[in-house]
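# Architecture at a glance
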Amino acid sequence: MKSIRIKDSKDFDLLLEALVFDYVYAESIFRERVSLFYDLTARPKLFEAAKTFWTLTLRAHDDAVLLRLCRMYDQDRASLNLRRLLLTIKDNLHVFDEADFRQRFKGDPFVDSLAASADRPDSAQLDEDLQSMSNSDPLVAKLDHSRNRVIVHKDPRNILGRLDSADTNPLTEEDVTALLRRADTILNQRYRRLFKGNAMWRVIEGIGDYKNLLKEP
């Protein structure tokens, strides 16, 4: 896998934000799904009143989270993914230089305070992060395996019952949480902070507003 060719920090900004938005949407959908499941479990009559609707809604949440995780942790050599973004950072450390930072935020009244959190990535940390984004990491390998067998592609051997449980072991809620936390730490909290001086919000505002629909009339 190779880095993505970029012209300048503006190109890098576009790549970074595309993945950050993927993370924010995945995190938001996941949290809403967990909250909704809890509410429906606590109110079984509400679930039974529209069982098909709620089942499809929960399944749609699951699919949306898993597909975005697959996209972020994709091991494809041609796609935009976390691993390729880190390789791009490694080959373009100059976009993190303070001079470039101040040029990008020229005219911003908070440029000095933002610059205090901006810096070039640590090379050792970057190598460690790259390792955590590859198939050599057990959790990433599990996601990629599930992607190729169940999530994105449907392995006919699975349908015919010719794969053992190890080949179809689904991701758990704990696995998804761990992958989201890793993406947040590496993508949002670390490299966005170094590049822009701050991290992005973790969830979309109003993800719990569905609760208004569950109130008794």
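Below: a short report on this structure. Source: prediction; values computed, not measured.

This part is about the nonpolar core. Grouped together as the largest cluster of nonpolar side chains are 43 residues, with contacts concentrated most on Phe 12, Leu 69, Met 72, Tyr 73 and Ile 89. Examining the composition of this core, we find that ten residues originate from one element, helix 1 (residues 9–42), more than from any other. Beyond its immediate chain neighbours, meaning those up to four positions away, Ile 89 contacts Phe 12, Phe 96, Pro 121, Leu 126 and Tyr 191. Counting seven residues, the second largest nonpolar core, distinct from the first, contains Leu 36, Phe 47, Tyr 210 and Leu 214.

Tallied over the full model, the rule gives 18 salt bridges. Among the ionic pairs, Lys 196 bridges to Glu 17, the shortest N-O distance being 3.5 Å. Of this pair, Lys 196 sits in helix 10 (residues 173–196) while Glu 17 sits in helix 1, and the two are 179 residues apart along the sequence. Each of the two residues, Lys 196 as well as Glu 17, counts as buried. The salt bridge partner of Arg 71 is Asp 22, with a shortest N-O separation of 2.8 Å. Taken together, the residues span a long stretch of sequence, with Arg 71 in helix 3 (residues 51–72) and Asp 22 in helix 1 at a distance of 49 residues. Asp 22 gets classed as buried once you look at its relative accessible area, which sits at 8%. Residues participating in the shared-partner salt-bridge network are Asp 13, Glu 17, Arg 192 and Lys 196.

Turning our attention to the packing of helix 8 (residues 138–151) against helix 10. Two packed helices can be described by the angle between their axes and the distance between those axes. Two elements in contact, helix 8 and helix 10, have axes separated by 11 Å at closest approach and are oriented at 115 degrees. Classified by the interaxial angle, the pair formed by helix 8 and helix 10 is roughly perpendicular. Once helix 8 is placed against helix 10, the crossing between them reads as left-handed. Side by side, helix 8 and helix 10 meet where Leu 139, Val 140, Lys 142 and Leu 143 of the first sit next to Asp 175, Ala 178, Leu 179 and Arg 182 of the second. Here the residues of the contact of helix 8 with helix 10 are counted per class, giving five nonpolar, no polar and three charged.

The rules we used
Residues numbered from 1 in each chain as written. Predicted model: local features only at pLDDT ≥ 70, side-chain atom pairs only at ≥ 80, totals over all residues. Heavy atoms only, no water. Core = buried A, V, L, I, M, F, W, Y, C linked by side-chain atoms within 4.5 Å. Buried < 20%, exposed > 50% of the residue type's maximum accessible area, 1.4 Å probe, protein only. Helix = DSSP H or I, 4+ residues; strand = E, 2+ residues; numbered from the N terminus. Contact = heavy atoms within 4.5 Å. Salt bridge = Lys/Arg side-chain N within 4 Å of Asp/Glu carboxyl O. Axes fitted to C-alpha atoms, helices over the stretch in contact; angles between N-to-C directions. Parallel < 35°, antiparallel > 145°, perpendicular 65-115°, else oblique. Left-handed = near helix turned anticlockwise from the far one by under 90°. Nonpolar A, V, L, I, M, F, W, Y, C, P; charged D, E, K, R; others polar.

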